[in-house]
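The residues making up each chain are set out below.
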Amino acid sequence: MQDGTTNNSDSNQLEQLVTLYPNPAGDVAILTTGDLHVEQIEMFNTLGQLVRSIPPSGERSVRIETKTFPQGMYTIRVHTAEGVLKKRLLVQH
């Protein structure tokens with residue numbers, strides 16, 4: 001869609017293409033995006049503050065270093081040409 005949003009069926013299809021593991025994560029998490037054209041990856045804490053912005057690498061997976069992050073729940077927002085999707089990540093040390 002042109003405005004960067006998706007409807008529920010589009011969002012569900014996108015979410016099935018993206019995996020985030022291990023979850024909960026310790027020192028690192030891997031985000032796999034398959035064949036999606038990733039434009040930006042953002043990580044937010046529970047207060048909604050942006051804690052990391054990850055530029056696209058062109059690879060099908062992205063390594064997210066979490067060892068310096070405080071324990072807690074984070075939202076990963078993946079901006080793709082197909083739409084925006086969200087994943088939750090629990091960081092535990």
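Residues numbered from 1 in each chain as written. Predicted model: local features only at pLDDT ≥ 70, side-chain atom pairs only at ≥ 80, totals over all residues. Heavy atoms only, no water.

## What to know about the nonpolar core
In step 1: Counting residues in each nonpolar core, the largest one holds 20 residues, and the members touching the most others are Leu 31, Ile 41, Met 43, Ile 64, Ile 76, Val 78 and Leu 89.
In step 2: Secondary structure elements with two or more residues in this core: strand E2 (28-32), strand E3 (38-44), strand E5 (61-65), strand E6 (72-80) and strand E7 (83-91).
In step 3: Discounting chain neighbours no more than four positions away, the residues touching Leu 89 are Leu 20, Pro 22, Asn 23, Ala 25, Ala 29, Met 43, Thr 66, Gly 72, Met 73, Tyr 74 and Ile 76. (Core = buried A, V, L, I, M, F, W, Y, C linked by side-chain atoms within 4.5 Å. Buried < 20%, exposed > 50% of the residue type's maximum accessible area, 1.4 Å probe, protein only. Helix = DSSP H or I, 4+ residues; strand = E, 2+ residues; numbered from the N terminus. Contact = heavy atoms within 4.5 Å.)

## A word on the sheet that holds E7
In step 1: Taken in spatial order, the four strands of this open sheet run E4-E3-E6-E7, and their pairing is antiparallel. Of all strands in the sheet, those bounded by a partner on one side alone are strand E4 (50-54) and E7. Taken pair by pair, the neighbouring strands of this sheet meet at an average axis angle of 20 degrees, ignoring direction.
In step 2: One ladder, built from nine bridges, connects E6 with E7; its direction is antiparallel. Across the sheet, residue Gly 72 finds its bridge partner in E7, namely Val 91. (Pairing = 2+ DSSP bridges. Axes fitted to C-alpha atoms, helices over the stretch in contact; angles between N-to-C directions.)

## What to know about the packing of aromatic side chains
Within a pair of aromatic rings, the relevant descriptors are the distance that separates the centres and the angle that separates the planes.
In step 1: Considering all chains together, one arrives at one aromatic pair under this definition.
In step 2: Relative to Tyr 74, the ring of Phe 69 lies with its centre 5.4 Å away and its plane at 65 degrees, an arrangement referred to as edge-to-face.
In step 3: Its relative accessible area of 8% is what places Phe 69 among the buried residues. (Phe/Tyr/Trp six-rings, centres within 6.5 Å; stacked < 30°, edge-to-face > 60°.)

## Some remarks on unusual backbone geometry
With the exception of glycine, most residues fall at negative phi, and the peptide bonds are largely trans.
In step 1: The omega angle of the peptide bond from Tyr 21 to Pro 22 is -15 degrees, so this bond is cis rather than trans.
In step 2: With respect to the helices, strands and loops of the structure, Pro 22 is situated in the loop between strand E1 (19-21) and E2.
In step 3: Between Asn 23 and Pro 24 the backbone carries a cis peptide bond, its omega angle lying at 15 degrees.
In step 4: For Pro 24, the location among the structural elements is in the loop between E1 and E2.

## Some points on the sheet that holds E2
In step 1: Taken together, three strands build an open sheet; the order of strands is E1-E2-E5 and the sheet is antiparallel. Only two strands of the sheet have a single partner each, and these edge strands are E1 and E5. Adjacent strand axes in the sheet meet at a mean angle of 20 degrees, parallel and antiparallel pairs treated alike.
In step 2: With five bridges connecting them, E2 and E5 associate as antiparallel partners. Bridged to Thr 32 within E5 is Ser 61.

## Comments concerning the environment of Ala 25
In step 1: Considering the arrangement of structural elements, one finds Ala 25 in the loop between E1 and E2.
In step 2: Using a relative accessible area of 2% as the deciding quantity, one classes Ala 25 as buried.
In step 3: Sequence-distant contacts of Ala 25, defined by excluding residues within four places in its chain, comprise Thr 66, Leu 89, Leu 90, Val 91 and Gln 92.

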